[in-house]
Amino acid sequence: MRILQTKRVTIDAQHPQTEWIKEAAQLIREGQLVALPTETVYGLGANAMDAHACQEIFKVKGRPQDNPLIVHISDLAMVKRLVEEWTPQAALCADKFWPGPLTLVLEKTAFVPDVVSGGLGTVAIRMPKHPVALELIKEAGVPIAAPSANLSGKPSPTQGIHVWKDLKGKIPLILDGGPCAVGVESTVLDLTGEVPTILRPGGITKEQLEEVLGEVAVDRPAPDQAPKAPGMKYRHYAPKGELTLLIGERKNVIRKIEDELRKGHSRLKKVGILCTLESAPELHSQLPDLLFVLGSEHHPEEVAGNLYQGLRLCDEQGMDMILAEGVSEKGLGFAIMNRLHKASGQRVMRV
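Quick caveat, the model's predicted, so the values are computed rather than measured.

Caption draft 1: Quick peek at unusual backbone geometry. The omega torsion of the bond from Trp 98 to Pro 99 falls at -10°, within 30 degrees of zero and hence cis. Take Pro 99: it is sitting in the loop between α4 (88-97) and β5 (102-107). The backbone of Gln 346 sits at a positive phi, close to 65°, despite the residue not being glycine. Residue position: Gln 346 is located in the loop between α12 (333-344) and β16 (348-350). A relative accessible area of 52% places Gln 346 in the exposed class.

Caption draft 2: Structural view of the packing of helix α1 (residues 18-29) against helix α6 (residues 131-140). Relative to each other, α1 and α6 sit at 55°, their axes nearing to 8 Å. Classified by the angle their axes make, α1 and α6 are oblique. When you trace α1 past α6, the crossing you get is right-handed. Residue-level inspection shows Ile 21, Lys 22, Ala 24, Ala 25, Ile 28 and Arg 29 of α1 in contact with α6, the latter providing Val 132, Glu 135, Leu 136, Glu 139 and Ala 140.

Caption draft 3: Structural context of α12. The end-to-end C-alpha distance of α12 is 16 Å, a good match for the 16 Å that 12 residues give at a rise of 1.5 Å each. Of all 12 residues in α12, 12 are buried; the element is thus mostly enclosed. Of all the positions in α12, only Gly 333, Phe 334, Ala 335, Ile 336, Met 337, Asn 338, Arg 339, Leu 340, His 341, Lys 342, Ala 343 and Ser 344 are classed as buried. Packed against the buried residues of α12 are β10 (197-200), β11 (217-218), β12 (242-247), α11 (300-316), β15 (321-325) and β16. One or two steps after α12, the chain reaches Gly 345, where phi turns positive at roughly 65°.

Caption draft 4: Region of the structure containing α6. When we look at burial in α6, the residues that qualify are Val 132, Ala 133, Leu 134, Leu 136, Ile 137 and Ala 140. Contact partners of the buried residues in α6: α1, β2 (34-36), β4 (70-72), β7 (144-145) and β8 (173-176). Just downstream of α6, Gly 141 is the residue with a positive phi angle, here 75°.

Caption draft 5: Structural detail: the packing of aromatic side chains. All told, the structure shown has two aromatic pairs when counted by the stated rule. Between the aromatic rings of Trp 86 and Trp 98, the centroid separation amounts to 5.8 Å while the plane-to-plane angle is 35°, which identifies the pairing as tilted. Placement of the pair is Trp 86 in the loop between α3 (79-82) and α4 and Trp 98 in the loop between α4 and β5, with a sequence separation of 12 residues. For Trp 98, a relative accessible area of 9% gives the class buried. Taking NZ or CZ as reference, Arg 81 lies 4.9 Å from the ring centre of Phe 111, over its face.

Caption draft 6: Region of interest: the nonpolar core. Leu 102, Ile 125, Leu 175 and Leu 189 are the most contacted members of the largest nonpolar core, which has 68 residues in total. The next biggest cluster of nonpolar side chains, apart from the first, holds 27 residues, and it includes Tyr 237, Ile 247, Phe 292 and Ala 335.

Caption draft 7: Region of the structure containing the sheet that holds β12. Taking strand neighbours across the sheet as the criterion, the five strands line up as β14-β13-β15-β12-β16 in an open arrangement whose pairing is parallel. Whereas interior strands pair on both sides, the edge strands pair on one side only; in this sheet they are β14 (290-295) and β16. Strand-to-strand twist across the sheet, computed as the mean angle between neighbouring axes with direction ignored, equals 20°. Where strand β13 (residues 271-276) meets β14, five bridges bridge the pair, whose relative direction is parallel. Bridging from a neighbouring strand, Ile 273 pairs with Leu 291 of β14. The strands that helix α9 (residues 250-266) touches are β12, β13, β15 and β16; relative to β15, the one it contacts most, it runs at about 175°.

Caption draft 8: Up close: the sheet that holds β10. The strand order across the open sheet formed by 11 strands is β1-β8-β2-β3-β7-β4-β6-β5-β9-β10-β11, and the pairing between neighbours is mixed. A strand with exactly one partner marks an edge of an open sheet, and here the two such strands are β1 (7-10) and β11. Where β4 meets strand β6 (residues 122-126), three bridges bridge the pair, whose relative direction is parallel. The residue bridging Val 71 from the neighbouring strand is Ile 125, located in β6.

Caption draft 9: Spotlight on the packing of α11 against α12. Two elements in contact, α11 and α12, have axes whose closest approach is 9 Å; the angle formed by their N-to-C orientations is 20°. By the angle between their axes, α11 is roughly parallel relative to α12. The element α11 and its partner α12 pack so that their crossing is left-handed. On the side of α11, the interface is formed by Pro 300, Val 303, Ala 304, Leu 307, Tyr 308 and Leu 311, while α12 contributes Gly 333, Ile 336, Arg 339, Leu 340 and Ala 343. When its residues are assigned to classes, the contact of α11 with α12 shows nine nonpolar, one polar and one charged.

What counts as what
- Residues numbered from 1 in each chain as written.
- Predicted model: local features only at pLDDT ≥ 70, side-chain atom pairs only at ≥ 80, totals over all residues.
- Heavy atoms only, no water.
- Helix = DSSP H or I, 4+ residues; strand = E, 2+ residues; numbered from the N terminus.
- Buried < 20%, exposed > 50% of the residue type's maximum accessible area, 1.4 Å probe, protein only.
- Axes fitted to C-alpha atoms, helices over the stretch in contact; angles between N-to-C directions.
- Parallel < 35°, antiparallel > 145°, perpendicular 65-115°, else oblique.
- Left-handed = near helix turned anticlockwise from the far one by under 90°.
- Contact = heavy atoms within 4.5 Å.
- Expected span 1.5 Å × (residues − 1).
- Phe/Tyr/Trp six-rings, centres within 6.5 Å; stacked < 30°, edge-to-face > 60°.
- Lys NZ or Arg CZ within 6 Å of the ring centre and 35° of its normal.
- Core = buried A, V, L, I, M, F, W, Y, C linked by side-chain atoms within 4.5 Å.
- Pairing = 2+ DSSP bridges.
- Nonpolar A, V, L, I, M, F, W, Y, C, P; charged D, E, K, R; others polar.

Shown next, in the form of structure tokens:
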């Protein structure tokens with residue numbers, strides 16, 4: 001892969017400068033890649049109707065070919081070229097949650113390249129809430145396919161500097177709009193079956209969806225099943241160090257983290273801890289090599305917003321072991337725990 005001169009520009013998140021939007025849109029129309037902020041994480045964008053451009057996303061990220069891409073739109077008029085039928089359930093979801101962190105999976109048209117859908121007969125679409133993303137899609141005049149702007153398998157980028165560290169020299173332009181507000185990816189909802197089914201939990205909770213749609217299921221894919229949405233099949237969001245997720249009552253989790261910390265230090269390992277605000281005082285006294293407070297257990301949006309930053313910091317500071325405190329799976333906690341399970345490679349201790 002040839003080395004590119006990567007430009008990283010600071011763009012106003014609320015009132016994006018026209019010059020940067022126009023430059024990015026021109027690159028998209030030319031079949032090149034642009035990293036852009038969304039409210040969830042940074043995306044690596046390409047013209048969703050250009051198979052060659054979308055193929056470049058897979059090359060740059062090192063992404064498995066059967067892992068579908070999410071297509072981002074700026075208005076409902078773009079839906080017509082993408083889906084065979086705009087169902088009543090889709091209309092309800094769009095009216096309630098768009099623009100926002102909800103991706104809908106529907107039957108695709110022949111206009112959608114197979115590389116975008118991972119060879120499936122469906123397409124995943126969403127309307128992002130971030131002004132930069134919306135303005136870029138509008139200016140480009142095409143839907144933009146955009147998975148997370150990181151190397152495949154690594155923690156997703158929630159700041160422009162994360163994209164720079166992963167993709168410098170691989171893409172021509174990074175639009176740096178500052179930190180992402182949500183911090184975890186969108187919820188992916190399959191509307192092709194009888195019961196709406198969450199394929200990946202994210203920024204819109206199961207409870208929120210049930211208020212609009214009634215019954216909502218959660219998919220439990222078989223290991224050999226082709227992934228219907230990003231983040232389902234492969235190890236994702238993973239730091240370099242060995243991450244262990246600890247689940248249980250706080251006093252038991254703290255005690256187990258202390259035990260594992262001592263074991264790690266006895267083996268001359270650098271040990272990092274990711275924990276809630278409530279557990280931090282006791283764990284800080286144990287002198288870990290890194291203590292990163294994700295946020296209060298009573299404010300899961302804080303934990304979600306800080307999660308990938310914590311995982312990346314563990315990499316930057318060379319942690320060999322990472323001990324992560326679990327949170328309640330209610331509401332947004334379901335998405336947080338999904339990411340921690342993935343990051344750990346299912347290395348979980350229940351105490």
